[in-house]
Amino acid sequence: MPVPARIDAVRGAGNCATSRPRPAADRPPLQRGSGGSAPSTTHPRRIWGRGGVGETPDSHERHAMDLQIQDARVIDGTGAPSHPADVGITDGRIAAIRKPGEPPLTARRTLRAHGLALAPGFIDMHAHSDLALLRDPDHSAKAAQGVTLEVLGQDGLSYAPVDDRTLGEVRRAITGWNGDGSDIDFDWRTVGEYLDRLDRGIAVNAAYLVPQGTVRMYAVGWDDRPATPRQLDHMRQLVATAMEEGAVGMSSGLTYTPGMYATGSELTELCRVVARYDGYYCPHHRSYGAGALEAYEEMVRLTRDAGCSLHLAHATMNFGVNKGRAPELLSLLDDALAAGADISLDTYPYTPGCTTLVAMLPSWASEGGPEAILGRLRDDATAERIRHHMEVIGADGCHGVPIDWSSIEISGVSDPGLVGCVGKTVAETAAQRGETPWTTARRLLVDDGLGSTILQHVGHEENVRAIMRHPVHTGGSDGILQGDKPHPRAYGTFPHYLGHYARELAVMSLEETVAHLTSRPAARLRLPDRGLVREGYRADLVLFDPDTVAAGSTFESPRTLPVGIPYVLIDGKFVIEDGRRTDVLAGRSVRRTPGVR
């Protein structure tokens, strides 16, 4: 097992270990940047003596690296076998890579890795940190996993572009994902303004997908009807402006209102706009249960017609009807790839899903927005129609499968008075109360103002493993950070891939696993200088111990941080150092380069 890495400052003829970071309680409050360089905990620049082994003479200081990582096991992100090397970093980029026997590097600071694996920073292709990055500068949920870039704006619902009306509606609609935002200063309305807000300084980098459901909410409202030509033009313009301001693509939530009300032709038109900017479409498609393969097929056909790249969000094959059917999905994708389609996907390495309880309702019950939903739930006759649709027919919100209340675990509530429901299934709570599961669910939806989140225990391990092996697969946590008992994927996705699936189960080699989490998502995002350990690339890096790395989070203790990831760097600055979060806010927005094809 590699011994812990050590950071040395080289002076005179010897090496002197630097002091360890102060415990969190003793560190100054985290600072937000102001658009310039992020605050750093690295040592101030020193004046070095002349002559002697290990010195950096003044006359040659311009040739010294800011930092060298010495004796690392480099896993470069390509999937190729790892190799030992020293890596030098200057001005936030990888300046040199030296293999054994090659001329040594000279640096003002040295981290002795002692064989720890050095990989590109992990890219979370499906994150729900849209407000968490602003609310919590520490953001150890992701930083401690080695995540250096998150993709926000997922599932068709987020906070830009909006007007005042739309902002209030979307805040209410996704309270279960991000909280109600009462602690956030919403000083933006456009995508560009939101990205500017991120550029003040955040824990990790972030890219953004323009959310199609929010766009429809803005231009059409909450009605279940086709957009008029004028409304469609408005949506096209909103998407085009968002892409020009830096969005990397467009997301949809086609089991969430109001995005689900869009027709295929409407989505195709918006995807044509995305394609003009060389972006990609990331749909949470119309069904992950009954009709899942047909829903995947619709997305492949739609993006082919639009000439748009496709990235399938959390592409699992859940529910009993799909047990063992992952090969059918992969065959569909292989045929499309062979025909020239540009397709990728992401998954999380767990079987349960996570969403909001209100998302389970049929789409007709959600038309008109949150207040309309609550009105229907309070009406006994309408509530009975909703129950019949969910329990007997299979609501589209529950992917066409009749709901099994014993599989629905309450993971979070907005009203603290309802916290007693957390950690129990709806069926268990109903039995304790001596009432039907629907009565319990209905009461919870109304009393919690639609803010409850759930875990849905409907996945299949054989499908999870088959899909993660596919060459176009990437990692995405789908991590919802709200709630008293969130899904452990929010805190554990990336170390769980490395520790459980690569080391313990050998589903993939460690090198191949790292490629799925780094270079492949970087290629989807069209990032020319991220995702590889390569000279000239950005120094967004993670050092981990292959023998011990593991997710600390479990379903019982979901906010436990991982082990075996002692160092994480963003832009060459330590975000995690000796296993502790520093006060560095080196993250910024990562924007699509402007241009129309």
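The rules behind these values
Residues numbered from 1 in each chain as written. Predicted model: local features only at pLDDT ≥ 70, side-chain atom pairs only at ≥ 80, totals over all residues. Heavy atoms only, no water. Buried < 20%, exposed > 50% of the residue type's maximum accessible area, 1.4 Å probe, protein only. Helix = DSSP H or I, 4+ residues; strand = E, 2+ residues; numbered from the N terminus. Arc of directions from axis to C-beta. Contact = heavy atoms within 4.5 Å. Core = buried A, V, L, I, M, F, W, Y, C linked by side-chain atoms within 4.5 Å. Pairing = 2+ DSSP bridges. Axes fitted to C-alpha atoms, helices over the stretch in contact; angles between N-to-C directions. Salt bridge = Lys/Arg side-chain N within 4 Å of Asp/Glu carboxyl O. Expected span 1.5 Å × (residues − 1).

Q: Outline helix α12 (residues 370–378), supporting the account with residue identities and numerical values.
A: Three or more residues of α12 are buried, namely Pro-370, Ile-373, Leu-374 and Leu-377. Taken around the axis of α12, the buried residues stretch over an arc of 95 degrees, which confines them to a single face. Where the residues of α12 are buried, they touch α3 (164–173), α11 (363–366), α13 (380–393) and α15 (437–447).

Q: Please provide a residue-by-residue account of the nonpolar core, values included.
A: Judged by nonpolar contacts, the single largest core of 122 residues is most densely connected at Trp-188, Tyr-194, Val-239, Tyr-281, Tyr-296, Leu-525 and Phe-544. Among all residues touching Trp-188, those that are not within four sequence positions of it are Leu-131, Leu-134, Tyr-159, Ala-160, Glu-193, Tyr-194 and Arg-197. Core analysis: the next-biggest nonpolar cluster, separate from the first, contains 31 residues, Leu-357, Val-358, Leu-377 and Cys-398 among them.

Q: An account of the sheet that holds strand β15 (residues 353–356) is needed here, citing residue identities and associated values.
A: Read across the sheet, three strands follow the order β15-β17-β16 without closing on themselves; strand pairing throughout is antiparallel. Lying at the two open borders of the sheet, with one neighbouring strand each, are β15 and β16 (408–412). Across the sheet, the axes of successive neighbouring strands diverge by a mean angle of 35 degrees, strand direction being ignored. Two strands pair when backbone bridges link them, and β16 and strand β17 (residues 453–456) are joined in this way by four bridges, in the antiparallel orientation. The residue of β17 that forms the bridge with Gly-412 is Thr-453.

Q: A description of the pattern of salt bridges should follow, citing residues and the corresponding values.
A: Using the criterion set out here, one finds 40 salt bridges in the structure. Residue Arg-489 pairs with Asp-478 through a salt bridge whose shortest N-O separation is 3.0 Å. With Arg-489 in helix α17 (residues 489–504) and Asp-478 in the loop between β18 (473–475) and α17, this pair connects stretches of sequence that are 11 residues apart. Here the two residues Arg-489 and Asp-478 agree in accessibility, since each one is buried.

Q: Account for the sheet that holds strand β9 (residues 147–152), naming residues and giving values.
A: Within a sheet, each strand pairs with its neighbour through backbone hydrogen bonds, oriented either parallel or antiparallel. Pairing in this open sheet of eight strands is parallel, and the strands run β8-β9-β10-β11-β12-β13-β14-β18 from one edge to the other. Both outer strands of the open sheet, β8 (122–124) and β18, are each paired with one neighbouring strand and no more. Within this sheet the neighbouring strands show an average axis-to-axis angle of 30 degrees, counted without direction. Of the pairings in the sheet, the one linking β8 to β9 comprises three bridges and is parallel in character. Bridged to Asp-124 within β9 is Glu-150. Taken strand by strand, helix α6 (residues 212–219) contacts β10 (205–211) and β11 (249–253), and its axis lies near 45 degrees from that of β10. Strands in contact with α17 are β8, β9, β14 (343–347) and β18; relative to β8, the strand with the most contacts, it is inclined by about 130 degrees.

Q: Before we move on, could you go through helix α9 (residues 292–306) and cite the residues and values that matter?
A: Over its 15 residues, α9 extends 21 Å from the first C-alpha to the last, a length consistent with the 21 Å expected when each residue adds 1.5 Å. Lining the buried residues of α9 we find α8 (264–276), β12 (280–284), β13 (309–312), α10 (326–338) and β14.

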